[in-house]
Amino acid sequence: MTPKNGAAIPLVLAILVAIFLVAPILIVVPMSFSTAVSFEFPPPGYSLGYYRAYFADESWLEATANSFIIAISTTVVTMALVVPAAFGFVRHRFAGRTIVNQMLMLPLIVPHVVSALGYYGFLAKLRLVGTHLSVIIAHTALSVPVVFLVICAALKGFDRTLERAAMNSGAGPLRTFLWVTLPVLRPGLMIGALFAFLHSFNESVVAIFIAGSTASTLPKKMFESMHLQSDPVIAVVSTLLTGAVMTGMLISFFLTRRPGAPA
């Protein structure tokens, strides 16, 4: 095998994996514009009928609104908890540091179904099941590990001599944080917030267990619609969710790209 052929194999594998990942999108997006009365690919014709049905259905709009409310609230609570924790974890040494790190990573290890059962049992005792607060609490717990890793990585790459220089110049701790630390860490903080939002917005397993009918989210509504009646409007919702995720990826790309770096 020549070096040239050996270098081409990873590229071919990457292309095949990309095709495998993109293939569902190439099917779902055209179906969302279909004129068929049920799921059919390729579509017999194209129209905006399913989109009109989505925006005219109060149940879909309510689920969408719930998803945005819960995702935004989860993002705010997660960032409020994780940012101080990440600063304390990265910049200080204390007993039990490894145990704390392992505890924070537990939601990544435990299957979501197991977590959902635990959240249901705990929140049911507090009579919170079926409320927005219950879903926000659960989604925050699930989002903490990912956001914690992102912000810790940003903090570890931060040059603290910038803070020392600012404080030696007469700036106080608060002024240093607002004018030096925060601007440098802003991309990492925004990416962490974006991950928390997308994770909550797309989460379905825990929502199915604890959201109930009052706080039903978009993924939960999609599951119920698919399970009960196979509503073709799901293709529209899937397309919108895919667009939201891709938008988030583009935002992450532009936030992490260094100024002057090639696109």
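Here, every reference points to the structure presented above.
Since this is a predicted model, take the numbers as computed values, not measurements. (Residues numbered from 1 in each chain as written. Predicted model: local features only at pLDDT ≥ 70, side-chain atom pairs only at ≥ 80, totals over all residues. Heavy atoms only, no water.)

(A) Representation of the side chain of T140 in the model. Take T140: it is sitting in helix α6 (residues 132-156). T140 gets classed as buried once you look at its relative accessible area, which sits at 6%. Those residues within four positions of T140 in sequence are excluded, and the remaining contacts are T74, V77, T78 and L81. (Helix = DSSP H or I, 4+ residues; strand = E, 2+ residues; numbered from the N terminus. Buried < 20%, exposed > 50% of the residue type's maximum accessible area, 1.4 Å probe, protein only. Contact = heavy atoms within 4.5 Å.)

(B) Structural view of helix α5 (residues 112-125). When the terminal C-alpha atoms of α5 are compared, their 20 Å separation across 14 residues agrees well with the 20 Å that a helix rising 1.5 Å per residue should span. Turning to α5, the residues buried within the fold contact α6 and α9 (205-210). (Expected span 1.5 Å × (residues − 1).)

(C) Broad picture of a nonpolar patch on the surface. Where nonpolar side chains cluster on the molecular surface, the patch consists of I9, L11, V12, L13, I15, L16 and I19 and spans about 650 Å² of accessible area. Relative to the assigned elements, I19 resides in helix α1 (residues 3-32). (Patch = residues over 30% accessible without salt bridge, like charges linked within 9 Å, V, L, I, M, F, W, Y side chains within 5 Å. Areas by Shrake-Rupley, 256 points an atom, 1.4 Å probe, with all protein chains shown as cover. Salt bridge = Lys/Arg side-chain N within 4 Å of Asp/Glu carboxyl O.)

(D) Inspection of the packing of aromatic side chains at higher detail. Under the definition given, this model contains six aromatic pairs. Ring plane angle 45° and centroid distance 6.2 Å describe the contact between F68 and F197, whose orientation is recorded as tilted. Taken together, the residues F68 in helix α3 (residues 58-91) and F197 in helix α8 (residues 173-202) connect sequence positions 129 residues apart. F68 sits in the partly exposed class, given a relative accessible area of 39%. Through a chain of ring-to-ring contacts, the aromatic side chains of Y54, F55 and W60 assemble into a single cluster. (Phe/Tyr/Trp six-rings, centres within 6.5 Å; stacked < 30°, edge-to-face > 60°.)

Coordinates in, geometry out; function isn't part of it.
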